[in-house]
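# Fold and geometry: a report
Listed below are the residues making up each chain.
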Amino acid sequence: MVRFGLFNATFLCLSTLFATGLQHADLTVCPCAPAALQLLWMGYFPSAPLGPTLAVSLQLLSLVRQLFMWMPPNTTAWCESFEAYLAGMGYKVDTKV
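Residues numbered from 1 in each chain as written. Predicted model: local features only at pLDDT ≥ 70, side-chain atom pairs only at ≥ 80, totals over all residues. Heavy atoms only, no water.

### Concerning the overall build of the chain
As a reminder of what qualifies: Numbering of helices and strands runs from the N terminus, with a helix taken as a DSSP run of H or I at least four residues long and a strand as a DSSP run of E at least two residues long. Under the scheme applied here, a residue whose accessible area is under 20% of the maximum for its type counts as buried, over 50% as exposed, and between as partly exposed, the area being computed with a 1.4 Å probe on protein chains only. Here, residues are in contact when the closest pair of their heavy atoms is within 4.5 Å. Here, Shrake-Rupley sampling with a 1.4 Å probe gives the accessible areas, and only protein chains in the shown set may cover a residue.
Helix and strand counts for the chain come out as three helices and five strands. Overall, the chain shows an N-to-C arrangement of helices and strands of β-β-β-α-β-β-α-α. Sorting the 97 residues of the chain into buried and exposed places 29% on the buried side. Taking the contacts inside the chain whose residues are at least 6 apart along the sequence as the reference set, 28% of them involve residues at least 24 apart. For the chain, the exposed area adds up to about 6,900 Å²; of that, 66% sits on carbon and sulfur atoms.

Below, the structure is given as C-alpha cells:
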C-alpha cells in the first residue's frame, strides 16, 4: 500500500482481453479512482466492481453483442454481423456479389 493523495492506494495487476489477444495491465487504485472506473475510462469492462482480475475490451463486447443479434448459427448471419460490427467502427466491407 502506498500513499496517493489523501488516501492509501494499492496496485492491481490484471489481464485485459480484446480482439487481438490478452495483455496485462497495472493500475494504481484508491477510493478516489476505483479500478472499475479507471478500466471504463480506458475502454474496458471489468469482471468485478472491486478488485477485478480480468477486463474485456468494450469493442470486443460490441462484437459479441452484434453476433448475438444475428443469432442463427450459419455463415451468412456471422458474416453480416461481423460486417455490421466493422461498419460501426468506420470500416466498409464491399464483398457482396
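### Brief notes about a nonpolar patch on the surface
For clarity, the threshold we go by: Candidates for patches are residues over 30% relative accessible area with no salt bridge; among them, like charges are joined within 9 Å and nonpolar side chains (Val, Leu, Ile, Met, Phe, Trp, Tyr) within 5 Å. By definition, a salt bridge exists where a carboxyl oxygen of Asp or Glu is found within 4 Å of a side-chain nitrogen of Lys or Arg.
Together, L40, F45, L58 and L61 make up a nonpolar patch on the protein surface, roughly 340 Å² of accessible area in all. Secondary-structure assignment places L61 in helix α2 (residues 58-69).

### Side note on the nonpolar core
Defined as follows: Residues belong to one nonpolar core when they are buried, are Ala, Val, Leu, Ile, Met, Phe, Trp, Tyr or Cys, and are joined through side-chain atoms within 4.5 Å.
Formed by L12, L14, F18, L27, V29, A35, L39, Y44 and A55, the largest nonpolar core amounts to nine residues. Only β2 (7-18), β3 (21-29) and α1 (35-42) provide two or more residues apiece to this core. Ranked by residues supplied to this core, first place goes to β2 with three residues. Not counting residues up to four positions away in its chain, the partners in contact with L27 are T10, F11, L12, L14, A35, Q38, L39 and M42. In terms of nonpolar packing, the next biggest core, distinct from the first, is built from five residues, V56, L60, L63 and Y85 among them.

### Here's the deal with helix α3 (residues 75-88)
Where we set the bar: By this rule, a helix spans an expected 1.5 Å times one less than how many residues it contains. Here, the arc refers to the directions that run from the helix axis to the C-beta atoms.
Taking 1.5 Å as the rise per residue, α3 with 14 residues should run 20 Å; its terminal C-alpha atoms sit 20 Å apart, in good agreement. Residues of α3 that are buried: A77, S81, Y85 and L86. An end-on view of α3 places all buried positions within 165° of arc, on one side of the element. Away from its buried face by more than 90 degrees, α3 exposes T75 and T76. Looking at the packing, one finds that the buried side of α3 touches α2.

### Let's talk about the confidence of the model for the chain
The test is simple: Per residue, pLDDT measures the predictor's confidence, with a range of 0 to 100.
Here the chain averages 81 in pLDDT, and 85% of its residues register 70 or above. Across the chain, the element-wise mean pLDDT spans from 44 in strand β1 (residues 2-4) up to 94 in strand β4 (residues 44-46).

### Focus on the environment of Y44
By the element assignment, Y44 lies in strand β4. The spacing of Y44 and L17 is 27 residues in sequence and 8.5 Å in space, taken between C-alpha atoms. Those residues in contact with Y44 that sit more than four places away from it in its chain are T16, L17, F18, L39, A55, V56, S57 and L58.

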